[in-house]
Amino acid sequence: MIDSSTSLLASQTHDIVRFAMGAPNAELVPEAEFARLFAAAPAGSFDYGATEGEPELRAQLQSYLRRQGLEADADRLLITTGGMQGLDVAFKLLVDPGDLVVVEAPTYTNGISTALSYEASLLEVPIDDDGMIVEALPDFVARAGKTPRVIYTIPNFQNPSGATLSEPRRRLLLELAKEWDAVIIDDDPYGALRFDGTEVPGFAELSPGNPRLVQVRTFSKILAPGLRIGWMDLDPALRQLAVNAKQAMDTCTNVPLQHVVAAFLAEGALDAHLSHLRAVYRDRKEALLRSLGQRFGSEVVATHPEGGFFLWLTLDGRYGGIDTEKLFPRALAHGVAYIPGPAFAASGGFRNALRVCFATSTPERIREGVERLGAALDEELLVAAAEAPR
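Parameters and conventions
- Residues numbered from 1 in each chain as written.
- Predicted model: local features only at pLDDT ≥ 70, side-chain atom pairs only at ≥ 80, totals over all residues.
- Heavy atoms only, no water.
- Helix = DSSP H or I, 4+ residues; strand = E, 2+ residues; numbered from the N terminus.
- Phe/Tyr/Trp six-rings, centres within 6.5 Å; stacked < 30°, edge-to-face > 60°.
- Buried < 20%, exposed > 50% of the residue type's maximum accessible area, 1.4 Å probe, protein only.
- Salt bridge = Lys/Arg side-chain N within 4 Å of Asp/Glu carboxyl O.

Remarks on unusual backbone geometry
(1) Moving on: In this structure, the amide linkage connecting Ala105 to the following residue, Pro106, adopts the cis form with an omega of 5 degrees.
(2) Moving on: Looking at the element boundaries, Pro106 is found in the loop between strand S3 (100–105) and helix H5 (109–117).
(3) Moving on: Of note, the amide linkage connecting Asn159 to Pro160 takes the cis form, showing an omega dihedral of 20 degrees.
(4) Moving on: Locating Pro160 in the fold gives a position in the loop between strand S6 (150–153) and helix H7 (167–180).
(5) Moving on: Not every positive phi belongs to a glycine, and Arg228 is a case in point at roughly 55 degrees.
(6) Moving on: For Arg228, the position within the fold is in the loop between strand S8 (213–218) and strand S9 (230–233).

Concerning the packing of aromatic side chains
Two measures describe an aromatic ring pair: the distance that separates the ring centres and the angle between the ring planes.
(1) Moving on: Inspection of every chain in the model, using the stated rule, returns 13 aromatic pairs.
(2) Moving on: Where Phe38 meets Phe46, the ring centres are 6.0 Å apart and the plane angle is 85 degrees; that geometry is what we call edge-to-face.
(3) Moving on: With relative accessibility at 36%, the residue Phe38 sits in the partly exposed group.
(4) Moving on: When its relative accessible area of 66% is taken as the criterion, Phe46 is described as exposed.
(5) Moving on: On the numbers, 5.6 Å between centres and 55 degrees between planes, the contact of Tyr190 with Phe309 is tilted.

A word on the pattern of salt bridges
(1) Moving on: Counting across every chain of the model gives 24 salt bridges.
(2) Moving on: Note that Glu167 is salt-bridged to Arg171, the shortest N-O span being 2.9 Å. Residue Glu167 and its partner Arg171 are both found in helix H7; the two are separated by four residues, about one turn of the helix.
(3) Moving on: Residues joined in a network through salt bridges with shared partners are Asp15, Arg365, Glu368 and Arg372.

Right, here's the structure in full:
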């Protein structure tokens, strides 16, 4: 649903406020700097590259991560073609048909799809404001009748809810993974985009060198999604298998763009860029919350993330019976796009919920988008009332 919305929106000829895709707006992408760095790419940049990634990018990435206080050993890093390839490699290596994979509910659609593509059996665990309800996980596992092979989590500003997994729950999840000999796939595209609150230590900080931890990261949300450059951090014993798997996928990640990102990091430009993004996204989140409150009051309940891209909206009151998947064509006709709640659960639940991205639109466009959403919801109520039996 998420990826197909790109083609769907491109085919529309009328003005649409785009709350659907999780992407920065074009004015937030340093295109001029990228063009300059691309033109200055070194000789040989258009040849095949090493599957594990260009040495300069890996060195610059290590330096950047260490400035953040994170361990970044060269024998743990693998450059990937976006975060999605990292997820694909991880599930390919770790999941056999029938293996139990714990996922959050709701969670990232493509994470679910990737696990299912390797014939995983999914165990959905609900979330609250502190992320996955890890305390309930042993009971869920007991009812499933087998222990999980993989626990898939988006710990920071979760997609779609915006929730952040609390430190006590992170510690408990590490303990449970050890008890079950399970691997945690830590998918964190948004962690660098905290604009409020206090940092929560990551799994790798809480348990350095943990062989049961596979970290999947990407530059898509902090630089530009079209770069398609990400990375994995995983145990050295598993890394060579990951390299082998990637070789069978695409041989190497786009070499010229690896050099662009390496040069961007070498110039020290990322820190200032992130600082700017955090300020912009804070303003946009607040604009969205204000607009929702003014238009809907308590009839649309929104999450309050401290970073990232998304709000998760739950319809209540008069709107509580509306199916957001069925509403979508009407909303699109009114000029606003979002992702319906059922896209974020294998079980197809969350029919009265939807995800909206505040990163893509200015505060003015956000206000317009909320008004258009309200018009679509109100029209849906009128149509339902007219069609109701008398």
